[in-house]
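Letter by letter, the chains look like this.
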Amino acid sequence: MTQILWLPFLCTGATLTAVWPWTALYDRRPALRCLTAAVATSGWIVGICCFLSALGWLNRTMLLLATAGFTTTLLALWWTTPLHRHARPLELRRPTRLGLLLGTLTAVLYTALLLAGWLVPPYGWDTLVYHLTVIFQAAQTGSLTPFPFPAAQFYFPQVGELHSLWFFLLAGSGEHAWRLTGIALIPFALTAGLAMRIAAEALELKRALPWILPATMLTPLMLIQPLAGYVDAAFTAFLLAGFAFALLAAVHRRGSDFAFCALSCGLAMGTKISFLYFCLPIVVVLASWPVLRSLVSRSALYRVPLWIALFLLGCGYWLVPHATKTGNPLYPIAVKVGSTTLLPGPVSTENVASERQRYLDDGDSGWGWWTYPFNEKLRSKTQYSPENGFGPLFAAGFVALPFALWIAVRDKRWLLARALLALPATLLAWAVLSPWEHPRYALPACGFALLALAVITARVPRLTVSGALLHLALVAGITFSGVAGLLAATPDLPRALSLTKKGQSSPATFYHYRYGPYGHAFSWLSAAERSGSTVTFTSPYFIAPLYGWHGRNRVVYRPNPSDPSLAGQTLLLDYRDWRKFLHQEEVEYVVVWKHWQDGQKPRRISERWLVENLSDFRLVQQYSDTVQIYEPIFRSEELATLYQPRSPIDLERLSQPENWRAEYVQGGTVAIGEAGERLRISYDFNTPQNDYLDLRAETYWGRWPEFGNLNFDLAGASDSVLLFVYLKEHNARRMCRYQVKLNGSKPSSQSISLNLQQPDWQTDGFDVTRVTEMHLVLEDALDEDTLTSEISISNFHLQQPQSGA
Amino acid sequence: MKATKALETARRWLATLLIVTAVAIYLAKHHQLVLVPLRTFMEAFIGTGTRS
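Okay, so let's go over this structure. (Residues numbered from 1 in each chain as written. Chains lettered and ligands numbered in written order. Predicted model: local features only at pLDDT ≥ 70, side-chain atom pairs only at ≥ 80, totals over all residues. Heavy atoms only, no water.)

## A few points about the overall build of chain A
On a plain count of helices and strands, chain A comes out with 27 helices and 20 strands. The C-alpha radius of gyration of chain A comes to 31 Å, within 12% of the 28 Å expected for a compact globule of 805 residues. With respect to the three principal axes, the spread of C-alpha positions in chain A is 95 × 60 × 55 Å. Looking at chain A as a whole, 57% of its 805 residues qualify as buried. For chain A, restricting intrachain contacts to residue pairs at least 6 apart in sequence, the fraction spanning at least 24 positions comes to 74%. When the accessible surface of chain A is summed, it comes to about 32700 Å², and 58% of that surface belongs to carbon and sulfur atoms. (Helix = DSSP H or I, 4+ residues; strand = E, 2+ residues; numbered from the N terminus. Rg over C-alpha atoms; globule rule 2.2 N^0.38 Å. Buried < 20%, exposed > 50% of the residue type's maximum accessible area, 1.4 Å probe, protein only. Contact = heavy atoms within 4.5 Å. Areas by Shrake-Rupley, 256 points an atom, 1.4 Å probe, with all protein chains shown as cover.)

So, in C-alpha cells, the structure goes:
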C-alpha cells in the first residue's frame, strides 16, 4: 500500500526543496522562509492544476512531468545564475526550553494525527457531498469542470480541494489514495502556525515566539478539520499568512511583502469566497498613511500588475470566467448591500436558515455566543466536531483583548492596535455576514486571539508569580487543546484502532460504523469485482461515495426542476426526459438516498418519478429504509417510443379529485369530489371573517414554456367569490398568480384561459419551466357574507397562443 | 512613581487572573473531552489487546 503513496510526498518535498533557496533572497528568518516556501508551494500546486485543467491534461503523468520540470528549472536557475550569491544566511537561534517543550508536544501530536489519518478516510458530510466529488470528477475528466449537479459549491473556487487532488492523483487515484485526501490538508496547520509566529515577530512580541506556533497548530479545530476533509483550516492558513505578510508590509514596506500578501490573499479567496468579508483584518492592517503612500509610489505602481497576477493565481481560474460570462465573479452567489444588488446571481444567502440552535440553547437569540467560547457545545452536549472547537486559548484571548488593546493604545503602538482589531473584525464579519453561524467559519479568529494573549505575556515578566501563573495557564491550555483536538479528530478512535489491529481497516469498515446503511451502500457500489458502473442519484445527500473508493464508477446527473436554479442548464422536465437520459447515459444503477429526517417522504422529483413507475425499475439492493439501489429496465415497447416526437401533454389528472388536496382552509369547510368527469369543489364559507381555502395538485409536466395558455372550463362560480390560480416552483417561494375573472352575480359556466407568459403577478426569479404544483385559491369576496356553494372544473388543456386572443 | 508602578502591577495581575480564570473555567467545563475518550481507549483497545 505504502509503495504507491510516496509519490505525492516526494513531489511536494521536491517543490519545497526547489523553492527553498529562493526564499533566501527575501529574508533570513527561518520561520518566514518556511512560510514563504509553503505559500509558494501551494501557489505551484494550484497554478499547475489549473493550467493542466485548462488543457484537459490534469492527470498523474502530466503532474509528475510538470513538477519535475519546475523543480529542475528552479534549482538549475538558482545554481547557474549569480542570484545565489545574494542569498542571505539563515538566522538560526537557539530554541528556548518552553519552545522545545511545546515543539516536541506539537510534533508528537501531529505524528499521531498523521497515523490516525491512515486509519480513517475523510468522513465529513460536506466532504462526501461535494469536496471529494470535486476530486473524483477532476480525476476522471482531467479537468476542473463543475460536477453537473447545480449546487453553488461546485462553482466556487476549489484551492483547498486542489491540494487533496494533488495527493490523490499522484498517489494513483486508488482506494488508498482516497485516505490521502484528508492527510493532504494536515500541513496547513503548520502554515497557520508559521504565519502567527511571523505576525508576533513583526509586532515585536518576542515573548510569544516560543509558544504562538504550537498554540496555533494545536487549536482543536486545526487538528480536527483535515481528516474530516473540510477546508476551513486551509482557508485559515492562507488568511493568516496574508495577515502576516500584510504586517511585514506595514513594517518594512518591501515589494516582496506585498507580493506574498497578494498570493496568500488570492489563495484564501480561492479556498473560500467568504474571504471577501474575512479580509477585513488585512485591510485594517494595511490602512495606514505610510503603507498607502508606499503603494502609490512609482516603483510600487510598477509592481501592481505582478501583485494582481499573484492574487489571480490563487483564485482567477474560477473568478475570471464567471466574471466574463455572467458579470459576477462570485457566480452563482448574489452580492447585495441592503436592498441594492451589486452582483446578480441565482443563489442568495438572504433566506438561509441560521444553524445557531445546534450550538446554543433552544430559543437563544444569539446572546449565547458571548459565553460560547467558555463552553463549546454541539447539540446541547459539550463536545468538539469538525464544526466547532476553538479551545481554551481562544477563551483566554477573548477576555485578554480589551487589556491588550488598552496597552497598544496607551503605548501608541498603532500597528499593534490595528492588528488586535483583527479579532473583533473577524467575529463581527462572521456574526453579521455569515448567515449560517457555524463556528468553524470564524476559525481565523483563533489565531488573532493569540495575539491578544501575546501582548499580555509581553508585559508580564516570566520570573514573577503572575508570569509563572500565566505561562502555566498557557501550557495547560495548549496541551489540553492538542490532546482533546487529537482525540476528536478521529471519530470512534478506539473502534478504528481495534479494526486496524485485526487487519480490517478499510473505507468499507469505517463507513459501515460511521454511516450505517449508507455505509453499506458505499461498500456495495465500491465492490472490487465490478470494473466500474454508471451511477446516478435522486438526492444529492452523498455524491462522492457513488464513485466507489476505487474511483472507477462513472457518476452522471442532469438537473430537474427540484434542483437549485442555475443559468445555462438543460433541465429534465418530465419522466420521459429522465428515462431518455438514463438510457442515453447507459445508467446501470439509480441510488435513492432517503433523508433520515424525512423517512419515506419523497423530496425530489426524480424520486417521485421512480416511485410512481416502479415497474420500470428493478430493486437491486436495499439497506434499511434509507437507501435503495435500482436498475432501470428498458422494454422494447418503451424503447420504440422513447425517442419519438412527444405526444400532447395530458392534463386529465387535474380533473380527478384524488390528485387534489386541501392545503389550507380558514373559516369554512371544503369537500373535493367528482361530478362526471369534472372536479367538484363544495365549500361552506360560514364565518363573518375572511373565509379562504387553498387546494393543491402536483404537476411537473415542465413543458409550460412550449405553450401560450392554460385553459380549463369552470362552472358554478359567481362573483360572490374570488378565485385565484397559483403556479409554484419546487421552491415554493417562487410563484406566479392569476385572478380568474368571473362572469357575474349568478353561477355560470365559462372557459378560462390563463396566459402562461404573462401572469398577473410573479415573484422575483420565477421560472415557468420549474413549475411543479398548481394551487386553486377560493375566498369570499365580502368577508361578512356566508356562502354554501360548489364549483366544478374540467377539461384542463394547454394550447398555443392564438393571435388576438 | 510608586503609585504608577503599583497600578501597573495591579493591571498585570488583573489581566493574568482573568486569563488564568478563563483557562480554568474552560478546562473545568471540557475536561471530559480528554478523560472520556482516554478511558474508552484504554478499555476498548488496550483491554482487548490484553485479552487476545
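## Overview of a negative patch on the surface
On the surface, E652, E658, E674 and E677 of chain A cluster together into a negatively charged patch. Looking at the element boundaries, E652 of chain A is found in the loop between α27 (636-642) and β10 (660-666). (Patch = residues over 30% accessible without salt bridge, like charges linked within 9 Å, V, L, I, M, F, W, Y side chains within 5 Å. Salt bridge = Lys/Arg side-chain N within 4 Å of Asp/Glu carboxyl O. Lys, Arg positive; Asp, Glu negative; His and termini not counted. Charge placed at Lys NZ, Arg CZ, Asp CG, Glu CD.)

## Here we look at the sheet that holds strand β16 (residues 735-740) of chain A
Residues and elements named next belong to chain A. The antiparallel open sheet is built from six strands, whose spatial order is β10-β13-β19-β15-β16-β18. The sheet is open, and its two borders are formed by β10 and β18 (761-762), each paired with just one other strand. One ladder, built from two bridges, connects β16 with β18; its direction is antiparallel. Paired with R737 across the bridge in β18 is W761. (Pairing = 2+ DSSP bridges.)

## Structural notes on the interface of chain A and chain B
With 36 residues of chain A in contact, the opposing surface of chain B contributes 30 residues. Both sides of the chain A and chain B interface together cover about 2900 Å² of buried area, and 79% of this is carbon and sulfur. At the junction of chain A with chain B, the criterion picks out one salt bridge. We note a salt bridge from E8 of chain B to R410 of chain A, for which the minimum N-O separation is 3.0 Å. In this assembly, chain A and chain B are joined by five residue pairs in polar contact (both at pLDDT 80 or more). Where the side of chain A that touches chain B is concerned, the elements lending two or more residues are α17 (392-410), α20 (444-459), α21 (465-489) and α22 (493-501) of chain A. Among the elements that line the side of chain A that touches chain B, the one with the most residues is α21 of chain A, at eleven residues. For the side of chain A that touches chain B, a count of residues per class yields 25 nonpolar, seven polar and four charged. (Buried area = accessible area lost by both parts, 1.4 Å probe. Polar contact = N/O pair within 3.5 Å; in protein donor to acceptor, adjacent residues only side chain to side chain. Nonpolar A, V, L, I, M, F, W, Y, C, P; charged D, E, K, R; others polar.)

## Digging into the pattern of salt bridges
Where charged atoms from two side chains of opposite charge come close, those side chains can pair. All names here are of chain A. Within this structure, the stated rule accounts for 31 salt bridges over all chains. Salt-bridge contacts for D411 lead to R459; the nearest nitrogen and oxygen are separated by 2.2 Å. One end of the pair, D411, is in the loop between α17 and α18 (414-420); the other, R459, is in helix α20, with 48 residues separating them in the sequence. Given the relative accessible area of 28%, D411 is considered partly exposed. With relative accessibility at 30%, the residue R459 sits in the partly exposed group. Ionic pairing is found between E698 and R608, a salt bridge with its closest N-O pair at 3.0 Å. Of this pair, E698 sits in strand β13 (residues 692-698) while R608 sits in helix α26 (residues 605-612); the two residues are 90 residues apart in sequence, bridging distant segments of the chain. According to the relative accessible area criterion, E698 is partly exposed, its value standing at 22%. In this structure, a network of salt bridges that share partners links the residues D27, R29, R197, E201, R254 and D257.

## Description of the sheet that holds strand β6 (residues 554-555) of chain A
All names here are of chain A. One open sheet holds the five strands; their spatial order is β6-β5-β7-β9-β8, and the pairing between them is mixed. Both outer strands of the open sheet, β6 and β8 (617-623), are each paired with one neighbouring strand and no more. Here strand β7 (residues 589-593) pairs with strand β9 (residues 627-632) via four bridges, running antiparallel. Bridge pairing in β9 links W593 to V627. Set on the sheet, helix α25 (residues 575-584) makes contact with β5 (534-537), β7, β8 and β9; between it and β8 the angle comes to about 80 degrees. (Axes fitted to C-alpha atoms, helices over the stretch in contact; angles between N-to-C directions.)

## Quick look at the nonpolar core
Residues and elements named next belong to chain A. Among the nonpolar cores identified, the biggest contains 219 residues, and W211, F243, F245, L451 and W593 are the most heavily contacted of them. The leading source of residues in this core is helix α11 (residues 232-252), at 16 residues. For L451, the contacting residues outside a window of four places in its chain are M196, A199, L203, L205, I212, F243, A419 and L420. Of all hydrophobic cores here, the second largest spans 38 residues; its members include W660, F685, L714 and L778. (Core = buried A, V, L, I, M, F, W, Y, C linked by side-chain atoms within 4.5 Å.)

## Topic: the packing of aromatic side chains
Residue and element names in this part refer to chain A. The final tally for this structure, using the stated rule, is 56 aromatic pairs over all chains. Relative to F542, the ring of F522 lies with its centre 5.2 Å away and its plane at 75 degrees, an arrangement referred to as edge-to-face. Of this pair, F522 sits in helix α24 (residues 517-525) while F542 sits in the loop between β5 and β6; the two residues are 20 residues apart in sequence, bridging distant segments of the chain. Its relative accessible area of 0% is what places F522 among the buried residues. Assessed through its relative accessible area of 0%, F542 is described here as buried. (Phe/Tyr/Trp six-rings, centres within 6.5 Å; stacked < 30°, edge-to-face > 60°.)

## What to know about the side chain of N709 of chain A
The residue N709 of chain A is located in strand β14 (residues 709-717) in this model. Among the polar contacts made by the side chain of N709 of chain A, one reaches the side chain of S753 of chain A at a distance of 2.7 Å.

## Comments concerning unusual backbone geometry
Excluding glycine, a negative phi dihedral is what most residues carry, and trans is how most peptide bonds are arranged. Residue and element names in this part refer to chain A. Note that the residue after Y331, namely P332, is joined by a cis bond; omega there is 10 degrees. Inspection of the secondary structure puts P332 in the loop between α16 (298-326) and β1 (335-337). Of note, K412 is a non-glycine position whose phi angle comes to about 55 degrees, a positive value. Within the secondary structure layout, K412 lies in the loop between α17 and α18. A relative accessible area of 60% means that K412 is categorised as exposed.

## A few points about the environment of Q799 of chain A
Residue and element names in this part refer to chain A. Position of Q799 relative to the elements: it lies in strand β20 (residues 787-799). Between the C-alpha atom of Q799 and that of N755, which follows or precedes it by 44 residues, the distance is 9.9 Å. Leave out the neighbours within four places in its chain, and Q799 touches F707, G708, N709, N711 and S753.

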